[in-house]
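Summary of structural features
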Amino acid sequence: MPMLAGFLVLAFAANSGAPSPKDIEDRLQPPVQIEGHAAVHYSLAARMAAHHVPAVSVAVIRNGKIAWAQAWGTLEAGGKRAADANTIFQAASISKSVAATAAMHMVQTGALSLDADVNTELKSWKVPAFNFPGKVTLRELLNHSAGMTTSGFPGYAADERVPTLVEVLNGTPPANTEAVRVNVAPGTIWRYSGGGYTVMQQMMIDKSGAAFPDLMARTVLQPIGMTRSEYSQPLAAGLADNAARAHRGNGVMIKGRWHTYPEMAAAGMWTTPSDLSRFLIEIWKSSRGESNRVVNQATVKEMLTILKGEYGLGLEVMGEGAARWFGHGGSNAGFKCDMRMYADSGDGIAVMTNGDDGSALAREIERAAAEAYGWAGLKPQVKKAAAVSIESLRKLAGTYNAGGTLIAVAVSDSGVLTGAVGEGGKVELLPESESVFLPMTDGLPTFKFVRGADGTASAIEFPGGKATRVH
């Protein structure tokens, strides 16, 4: 892992006593702290190395304004080009929130209907007939409750042919995902569907007659001032120079630097944390009736009203009171990111990374920011550690197979149990009991060891799965 590169600070709070990037980069926190012990904090450099993330970029919002923005690391592992606050990353599923805002702008202007049958507005492709009552509406597509298939998209490598949008929707070559279909009655359940957002993308193109990147630029990006944001897929050559390269969980760069996503509404935006912050601020101001550059207060109220699944129209909405926030996460091949905005205070954060283990890093950064700024709802859990003898721990050590993914469990000489999943690094496991252990990182479930009569583990049970001991 290269040493941390120099940074670029876009803006600092006018008050010199306000928290700064330094207050975050030395104070990263795990999801769990141990009761009765001093709180554990990590350095950003150490966690970037542990998560094999070459570059991370962060912007913090205070009272509806960008307080500061900074990047650490390099565009690619082992590279010399430092990332800066203008470095662009793939926003992955955060693209949905921005695309949803464009769709709601079209609803607001009368170009689209929230509750009409989408087939009345689709021209290039139609939702195939389904054996359930009801119709598919834009409201349901935006909320992930239209009964649509295809959760997400893996993208296309540099040497692969990229399908048209209709080929993606039909699941025909060279598309690498199944056809987008309705296989649950629309409006009955919440089920995440990038396929549904791809239907929405086609509908927006059909209604506007514009190329999707142009439509997004005209309706959302330019009015908000998101000057470092693009929906072009593949990425325009002129933007590639300061674009972060995608990396697998082991730190190896993806062949061809990154994947291409024709599913632009679902996964195709390139942007920066500063531009994501501008988007969050615009939504926040619109919710207060202070701006209507893209959508007005009534439209934002629709977007932030939970319909199903702690999800409004294009945005996650979670928490209560001072801890209520809206935002979205994102996960593309080699890119992980997150953004959230506190609905009352106008504080928020956007984090973008170029590694497959970047989601865990983003959460650690967000907890550091929460500590620095006093934000609610992001504090680590405090758990009491059980006393488990080293002899008992050694009976858990071994290799386990979870559907082809190997989990290596080991015990240190000091009596610390660790687990390594696949190519990931070792993660400390905190004992809640003789058999139940909590990972001290994000993104992994609780480990419940199945012990035999002599205490030796034969398997690890997870919510919805199981890993069997192989040796």
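Presented here is a report on the structure given in the accompanying data block. (Residues numbered from 1 in each chain as written. Predicted model: local features only at pLDDT ≥ 70, side-chain atom pairs only at ≥ 80, totals over all residues. Heavy atoms only, no water.)

1. Describing unusual backbone geometry
When glycine is set aside, most residues are seen to have a negative phi, and most peptide bonds are trans. Cis geometry is found at the peptide bond from proline 173 to proline 174, where omega equals 10 degrees. Within the secondary structure, proline 174 sits in the loop between α5 (165-170) and α6 (194-208). A cis amide bond links glutamine 233 with the next residue in sequence, proline 234, at an omega value of 0 degrees. Within the secondary structure, proline 234 sits in the loop between α7 (212-224) and α8 (264-267). Phi at alanine 92 is positive, roughly 55 degrees, even though this residue is not glycine. Note that alanine 92 resides in the loop between β4 (89-90) and α3 (94-108). (Helix = DSSP H or I, 4+ residues; strand = E, 2+ residues; numbered from the N terminus.)

2. Focus: the packing of aromatic side chains
Enumeration over the complete set of coordinates arrives at 11 aromatic pairs. Centre to centre, the rings of phenylalanine 212 and tyrosine 231 are 5.6 Å apart; their planes meet at 85 degrees, and the pair counts as edge-to-face. Here phenylalanine 212 is found in helix α7, whereas its partner tyrosine 231 is found in the loop between α7 and α8, with 19 residues between them in sequence. For the ring pair tryptophan 270 and phenylalanine 335, a centre distance of 5.7 Å and an interplane angle of 75 degrees mean the geometry is edge-to-face. In this pair, tryptophan 270 is assigned in strand β5 (residues 270-271) and phenylalanine 335 in strand β8 (residues 335-342), connecting sequence segments 65 residues apart. Phenylalanine 335 carries the same exposure label as tryptophan 270, and that label is buried. What links up through ring pairs into an aromatic cluster is the set Tyr400, Phe437, Phe447, Phe449 and Phe462. Geometry around tyrosine 42 places arginine 47 over its ring, the cationic atom sitting 4.4 Å from the centre. Above the plane of the ring of tryptophan 325 lies arginine 340, whose end atom (NZ or CZ) is 4.0 Å from the centre. (Phe/Tyr/Trp six-rings, centres within 6.5 Å; stacked < 30°, edge-to-face > 60°. Buried < 20%, exposed > 50% of the residue type's maximum accessible area, 1.4 Å probe, protein only. Lys NZ or Arg CZ within 6 Å of the ring centre and 35° of its normal.)

3. A few points about α6
In an α-helix, one turn spans 3.6 residues, which is why side chains three or four residues apart end up on the same side. Across its 15 residues, α6 extends 21 Å between first and last C-alpha, which sits within 8% of the 21 Å expected from 1.5 Å per residue. Buried residues dominate α6, accounting for 12 of its 15 residues. Within the span of α6, buried status applies to Gly194, Gly195, Gly196, Tyr197, Thr198, Val199, Met200, Gln201, Gln202, Met203, Met204 and Asp206. Of the surrounding elements, those touching the buried residues of α6 are α3, α4 (138-143), α5, α7 and α8. Just downstream of α6 lies glycine 209, where phi reads positive at about 75 degrees. (Expected span 1.5 Å × (residues − 1). Contact = heavy atoms within 4.5 Å.)

4. Side note on the pairing of strand β12 (residues 405-411)
Both strand β11 (residues 398-402) and β12 contribute to a ladder of five bridges, which runs antiparallel. Residue pairing in the sheet places asparagine 401 in a bridge with leucine 406 of β12. Linkage of β11 to β12, two consecutive antiparallel strands, is achieved through a turn of two residues, within which glycine 403 is found at a positive phi near 60 degrees. Hairpin remark: β12 followed by strand β13 (residues 417-421), antiparallel, with five residues in the connecting loop; positive phi at glycine 415, about 85 degrees. (Pairing = 2+ DSSP bridges.)

5. Examining the nonpolar core
Residues Met200, Met204 and Phe326 are the most contacted members of the largest nonpolar core, which totals 89 residues. Contact partners of phenylalanine 326, with chain neighbours within four places excluded, come to Leu280, Ile283, Trp284, Leu304, Leu315, Glu316, Val317, Met339, Arg340, Met341 and Ala343. Core analysis: the second largest hydrophobic core is formed by 25 residues, Val56, Val60, Tyr342 and Ala369 among them. (Core = buried A, V, L, I, M, F, W, Y, C linked by side-chain atoms within 4.5 Å.)

6. Overview of the sheet that holds β13
The eight strands lie next to each other as β11-β12-β13-β14-β15-β16-β17-β18, forming a closed barrel whose pairing is antiparallel. Neighbour-to-neighbour, the strand axes of the sheet open up by a mean angle of 30 degrees, direction not taken into account. (Axes fitted to C-alpha atoms, helices over the stretch in contact; angles between N-to-C directions.)

7. So, the packing of α3 against α6
The geometry of α3 relative to α6 is characterised by a closest axis approach of 11 Å and an angle of 40 degrees between their N-to-C directions. Viewed along their axes, α3 and α6 adopt a mutual orientation that is oblique. Here α3 runs over α6; the crossing is left-handed. On α6, the residues touching Lys96, Ala99, Ala100, Ala102, Ala103 and Met106 of α3 are Gly194, Tyr197, Met200, Met204, Lys207 and Ser208. (Parallel < 35°, antiparallel > 145°, perpendicular 65-115°, else oblique. Left-handed = near helix turned anticlockwise from the far one by under 90°.)

8. Re the pairing of strand β14 (residues 427-431)
Within β14, four of the five residues are buried, leaving the element largely enclosed by the surrounding structure. By the bridge criterion, three bridges tie β13 to β14 in an arrangement that is antiparallel. From the neighbouring strand, glycine 419 faces β14, where its bridge partner is valine 427. Here β14 pairs with strand β15 (residues 436-439) via three bridges, running antiparallel. Directly across from leucine 430, in β15, lies its bridge partner leucine 438. Between β14 and the antiparallel strand that follows it, β15, lie four residues.

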